[in-house]
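So you can see what is in the structure, the chains are spelled out below.
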Amino acid sequence: MTTIASSMKTYGNFIDGKWVPASSGNTSENRNPADNRELLGIFQRSAGPEVNLAVEAADAAFQKWSRVPAPRRAEIIIRTAAILEERKDEYARDMTREMGKVLKETRGDVQEAIDTAYYFAGEGRRMFGLTTPSELPNKFALCSREPVGVCGMICPWNFPMAIPSWKLFPALVAGNTCVIKPAEITPLSLMNLVGAMTEAGVPPGVVNVVTGHAHEVGAVLTQHPLVRAVSFTGSTEVGRIIGESCSRSFKRCALEMGGKNPMIVLDDANLDLALDGALWGAFGTAGQRCTATSRIIVQKGVYKRFTEELAQRAQTLRIGNGLDESVDIGPVVSKTQMETVLHYVEIGRREGARLVCGGERFDTAECGHGYFVEPTVFTDVDPKMRIAQEEIFGPVVALLPCNSLEDAIQIANGVNYGLSSALYTRDINRALEAIAALDAGIAYINAPTIGAEVHLPFGGVKQSGNGHREGGVGALDFYTQWKTVYIDYSDRLQRAQIDRPE
Ligand code: UN1
């Protein structure tokens with residue numbers, strides 16, 4: 001697949017295997033958040049007409065793709081994984097330039113797509129249904145998984161290859177076709193992924209990419225009558241709109257939304273380990289993960305020491321362009337994101353939390369053209385403050401003191417979100433107690449709130465999700481529907497519930 005339509009840097013939509021411009025002629029620039037003078041490419045700012053074309057292409061391709069045996073579909077996915085492995089470094093560099101996170105993390109992002117590809121390719125030879133006895137003699141009962149149809153996918157910018165892969169690979173191995181929209185600020189990484197899939201043999205129309213803005217592309221996609229399922233990752237605010245829109249036409253809809261993830265540190269914890277975890281959980285990806293550690297609830301006996309050491313270590317993190325291997329924190333993804341984060345710092349200050357480090361834009365000569373924010377630690381945060389309740393999605397962490405595990409759990413659960421959670425302790429009894437008590441889809445013991453592996457269910461409770469899971473078999477549940485089959489070989493009418501043979 002030639003990834004570029006006309007000039008070196010203009011990308012079309014990818015529809016039915018062809019490059020298609022937006023009929024409006026509108027485009028958007030993709031710029032490097034570490035240095036906004038660098039232009040990575042021009043992408044289409046599409047709208048209804050392109051979404052319709054893409055959905056029609058996916059609908060037409062479904063007839064054939066859904067009938068390709070699953071193990072054959074899986075072979076294409078395995079070839080995709082091999083291509084991604086070969087190009088891991090190149091795609092990681094593109095991703096760092098596109099969204100800012102440091103190279104070791106963008107390599108991890110590509111690796112996550114590779115892991116997802118291998119995992120779901122394995123499903124090509126599993127995709128287990130079930131058989132069960134019938135209540136009647138000479139009758140056989142089973143159910144098998146069937147594809148759902150055309151799936152619409154709306155992706156975020158923080159994991160611009162991994163998260164699309166969580167959606168595309170399970171959908172494809174199950175026989176669905178897709179229309180996928182990247183975040184408007186990170187389309188290149190998705191183009192790289194879909195380019196690899198096309199080279200690996202995914203037929204035209206099976207995966208279609210439409211770039212553009214959420215309200216112009218996403219809205220049409222979720223309302224289109226031929227789209228049977230929608231998978232969305234993004235904010236709770238947008239998730240609510242999508243959920244409402246899908247329910248009107250009875251589309252199945254998976255929402256993976258925000259978080260305000262707590263890490264609890266008890267007095268008996270290995271403090272060094274907890275500090276390492278806090279730095280990685282709060283400041284990895286410059287805090288832009290839905291699973292980022294954004295509240296640290298520390299028991300009183302170690303609170304002071306933990307606070308001092310965290311602030312001190314946070315200040316030693318190197319901020320800069322993620323392409324430099326010695327850098328720990330890259331820029332946040334955009335100017336708007338930087339402004340939001342700095343606005344929350346201001347809110348925290350006004351609410352009376354104590355700022356112990358960071359809190360400013362980092363704009364040295366080298367970083368002045370990018371959107372860098374210093375790693376920021378607030379202490380003495382009250383659980384009711386906005387910085388302890390609302391998702392910030394930046395390198396800002398709130399420290400809250402607590403008296404006991406019970407107290408900590410109450411604080412941890414006292415938010416609208418419930419995605420990830422973590423506890424540091426050496427006491428197995430208290431760890432198990434916390435696992436059961438934490439209102440979250442994911443719980444880590446002696447590890448930070450980030451680090452999900454692709455073969456386990458990923459998703460949250462409360463306003464973090466609507467009950468579906470990505471990763472593991474949960475994803476297959478979303479992208480398949482059951483066909484229940486009864487085979488009666490008795491040669492007579494047998495009535496369930498009525499005929500009750502001995
Ligand atoms: C996210 O938090 O936005 O668990 C996704 C992790 C990654 C995925 C995170 N594997 O850290």
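Remember, predicted model here, so these are calculated numbers, not experimental data.

The rules we used
Residues numbered from 1 in each chain as written. Predicted model: local features only at pLDDT ≥ 70, side-chain atom pairs only at ≥ 80, totals over all residues. Heavy atoms only, no water. Helix = DSSP H or I, 4+ residues; strand = E, 2+ residues; numbered from the N terminus. Expected span 1.5 Å × (residues − 1). Buried < 20%, exposed > 50% of the residue type's maximum accessible area, 1.4 Å probe, protein only. Near = heavy atom within 4 Å. Polar contact = N/O pair within 3.5 Å; in protein donor to acceptor, adjacent residues only side chain to side chain. Areas by Shrake-Rupley, 256 points an atom, 1.4 Å probe, with all protein chains shown as cover. Nonpolar A, V, L, I, M, F, W, Y, C, P; charged D, E, K, R; others polar. Pairing = 2+ DSSP bridges. Axes fitted to C-alpha atoms, helices over the stretch in contact; angles between N-to-C directions. Contact = heavy atoms within 4.5 Å. Patch = residues over 30% accessible without salt bridge, like charges linked within 9 Å, V, L, I, M, F, W, Y side chains within 5 Å. Salt bridge = Lys/Arg side-chain N within 4 Å of Asp/Glu carboxyl O. Lys, Arg positive; Asp, Glu negative; His and termini not counted. Charge placed at Lys NZ, Arg CZ, Asp CG, Glu CD. Parallel < 35°, antiparallel > 145°, perpendicular 65-115°, else oblique. Left-handed = near helix turned anticlockwise from the far one by under 90°.

(A) The arrangement of helix H1 (residues 48–65) in detail. When the terminal C-alpha atoms of H1 are compared, their 25 Å separation across 18 residues agrees well with the 26 Å that a helix rising 1.5 Å per residue should span. Listed in full, the buried residues belonging to H1 are Gly-48, Glu-50, Val-51, Ala-54, Val-55, Ala-57, Ala-58, Ala-61, Phe-62 and Trp-65.

(B) A look at the site of the ligand. Neighbouring the ligand are Glu-112, Asn-158, Phe-159, Trp-166, Arg-289, Cys-290, Thr-291, Ile-450, Gly-451 and Ala-452. At 2.9 Å, a side-chain N or O of Glu-112 approaches a nitrogen atom of the ligand. Thr-291 is positioned with one of its side-chain polar atoms (N or O) 2.6 Å from an oxygen atom of the ligand. Within the complex, 98% of the 320 Å² of free accessible area of the ligand lies under protein. A per-class count over the shell around the ligand returns five nonpolar, three polar and two charged.

(C) Structural detail: the sheet that holds strand E18 (residues 420–424). Strands sit in the order E15-E16-E17-E14-E13-E18-E19 across an open sheet of seven strands; the sheet is mixed. Each edge of the sheet is formed by a strand with only one pairing partner; in this case those strands are strand E15 (354–357) and strand E19 (442–445). Going across the sheet, the axis of each strand differs from the next one's by a mean of 25 degrees, ignoring polarity. As paired strands, strand E13 (residues 261–265) and strand E14 (residues 293–299) are joined by five bridges and run parallel to one another. In the strand pairing of E14, Ile-264 is matched with Ile-297. Most of the contacts of helix H9 (residues 271–283) go to E13, to which it runs at about 170 degrees, and overall it touches E13, E14, strand E16 (376–379), strand E17 (396–402) and E18. Helix H11 (residues 335–351) contacts E15, E16 and E17 of the sheet and is inclined by roughly 20 degrees relative to E16.

(D) A negative patch on the surface, seen in detail. Taken together, the side chains of Glu-85, Glu-86, Asp-115 and Glu-453 define an acidic patch exposed on the protein surface. Relative to the elements of secondary structure, Asp-115 occurs in helix H4 (residues 103–123).

(E) Representation of the pairing of strand E11 (residues 227–233) within the structure. The buried count for E11 comes to six of seven residues, which makes it a mostly enclosed element. One ladder, built from five bridges, connects strand E8 (residues 150–154) with E11; its direction is parallel. The residue of E11 that forms the bridge with Val-150 is Val-227. Of the pairings in the sheet, the one linking E11 to strand E12 (residues 252–256) comprises five bridges and is parallel in character. Bridge pairing in E12 places Val-230 opposite Cys-253.

(F) Seen up close, the packing of helix H5 (residues 162–173) against helix H15 (residues 472–479). Contact pair H5 / H15: the axes reach a minimum separation of 9 Å and the direction vectors enclose 60 degrees. As the angle between them shows, H5 and H15 are arranged oblique. Here the hand of the crossing between H5 and H15 comes out right-handed. In this structure, H5 uses Trp-166, Lys-167, Pro-170, Ala-171 and Val-173 to contact H15, whose residues at the interface are Ala-475, Leu-476 and Tyr-479.

(G) Representation of the pattern of salt bridges. Going through the model one piece at a time under the given rule, you end up with 32 salt bridges. When the shortest N-O distance is used, the salt bridge between Glu-199 and Arg-87 registers 2.9 Å. Here Arg-87 lies in the loop between helix H2 (70–86) and helix H3 (88–99) and Glu-199 lies in helix H6 (residues 187–200), a separation of 112 residues in the sequence. Residue Asp-477 pairs with Arg-145 through a salt bridge whose shortest N-O separation is 3.0 Å. With Asp-477 in helix H15 and Arg-145 in strand E7 (residues 139–147), the pair connects residues that are 332 residues apart, well separated along the chain. Residue classification places Asp-477 among the partly exposed residues on the basis of a relative accessible area of 39%. Residues joined in a network through salt bridges with shared partners are Asp-89, Arg-93, Arg-107 and Glu-325.

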